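Now for the letters of each chain:
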Amino acid sequence: MNLREAALEAIKGVVDGLLYVILYMFLVPFILGFIIHQAGVEGYLGYLTSAYPEGILITYIAIFEALAVASRIFKDKVISPFLKSLDSLLGVLVIVYLVNYIMPGGYIRISLELTAYETVYVSIGIYPLILAFLLTISLPLAVLPFAEYFLCRSS
């Protein structure tokens, strides 16, 4: 691979990294916030999409970009599917961090005031649902790079 091809692959890697950032750091938290909001819990929708501290946000974006660029540059090597899968697994880590940051333990707590003296507190554990949602998104993204690599190699 010459310098021009490497630069083109690096640019493609930057675009891939931005897609992962948009998917895992903004789109999936927005969808989770929307689902939680539709379930009747107020206050989570706006908070889920802006909950990352600035240092964490920059670190995750840099890691997503570095993995995507490296997987593009080494696309003909056996390490490329591992790097692409690490992008997906990092996305799961980002969402799990966010869920634990916003909802410790994955619980949504709701209080309902029945009368002036009676209040009912309800805790709903949605952590298993969130993990199932994440697996449906990230498992194909973690497995497909290996299938693509080995299918291209076998032809």
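Before any of the text, the structure's been laid out above.
What you see as residue numbers is a count from 1 along each chain, following the sequence as written. Restriction of local features to residues with pLDDT of at least 70 applies here, the model being predicted, together with a cutoff of 80 or more for giving and counting side-chain atom pairs; totals for whole chains, interfaces and linings are based on all residues. With hydrogens and water stripped out, all remaining heavy atoms of the structure feed into the side-chain values.

Enquirer: Teacher, can you tell me more about helix 3 (residues 54-73) here?
Expert: Note: α-helices contain 3.6 residues per turn, so residues at a spacing of three or four share the same orientation. Put simply, DSSP marks the helices as runs of H or I at least four residues long and the strands as runs of E at least two long, and each gets a number from the N terminus on. The length a helix should cover is 1.5 Å for every residue beyond the first. Relative to the 28 Å expected for 20 residues at 1.5 Å per residue, helix 3 spans 28 Å between its end C-alpha atoms, a close match to the ideal helical length. Looking at helix 3, one finds that the buried residues are Tyr-60, Phe-64, Glu-65, Leu-67, Ala-68, Val-69 and Ser-71. Relative accessibility thresholds used throughout: buried, under 20% of the residue-type maximum; exposed, over 50%; partly exposed, between the two (1.4 Å probe, protein chains only).

Enquirer: I would appreciate a short explanation of a nonpolar patch on the surface in the present structure.
Expert: On the surface, a cluster of nonpolar side chains totalling about 670 Å² of accessible area is made up of Met-1, Ile-73, Phe-74, Val-78, Ile-79, Phe-82 and Phe-150. Along the chain, Phe-150 falls in helix 5 (residues 127-154). According to the relative accessible area criterion, Phe-150 is partly exposed, its value standing at 48%. Put simply, a patch holds well-exposed residues, over 30% relative accessible area, that have no salt bridge, with like charges counted together within 9 Å and Val, Leu, Ile, Met, Phe, Trp or Tyr side chains within 5 Å. Working definition of accessibility: Shrake-Rupley area with a 1.4 Å probe, residue cover restricted to the visible protein chains. Put simply, a salt bridge is a Lys or Arg side-chain nitrogen that is within 4 Å of an Asp or Glu carboxyl oxygen.

Enquirer: Please clarify how the pairing of strand 2 (residues 119-125) should be interpreted in this entry.
Expert: For a regular strand, side-chain orientation follows a simple rule: the groups alternate between the two sheet faces. In this analysis, strands are considered paired if DSSP registers two or more bridges between them. Where strand 1 (residues 107-113) and strand 2 come together, seven bridges link them in antiparallel fashion. Bridge assignment links Glu-113 to a residue of strand 2, and that residue is Thr-119. The antiparallel hairpin formed by strand 1 and strand 2 contains five residues in its connecting segment.

Enquirer: Would you explain helix 5 in this entry?
Expert: The end-to-end C-alpha separation of helix 5 is 40 Å, in line with the 40 Å expected for 28 residues at 1.5 Å each. Given a residue, its bend is the angle between the two axes fitted to the seven residues that end at it and to the seven that start from it. The largest bend in helix 5 is about 30°, located at Ser-138, with the proline Pro-140 one to four residues further on. All buried positions along helix 5 are accounted for by Ile-130, Leu-134, Ser-138, Ala-142, Pro-145 and Tyr-149.

Enquirer: How do you make sense of the pattern of salt bridges when you look at a structure like this?
Expert: Per the stated rule, a full pass over the model turns up five salt bridges. As a salt-bridge pair, Glu-9 and Lys-12 come within 3.7 Å of each other at their nearest N and O atoms. With Glu-9 and Lys-12 both in helix 1 (residues 3-38) and three residues apart, this pair spans about one turn of that helix. Here the residues in one salt-bridge network are Glu-9, Lys-12, Asp-16, Arg-72 and Lys-75, joined through shared partners.

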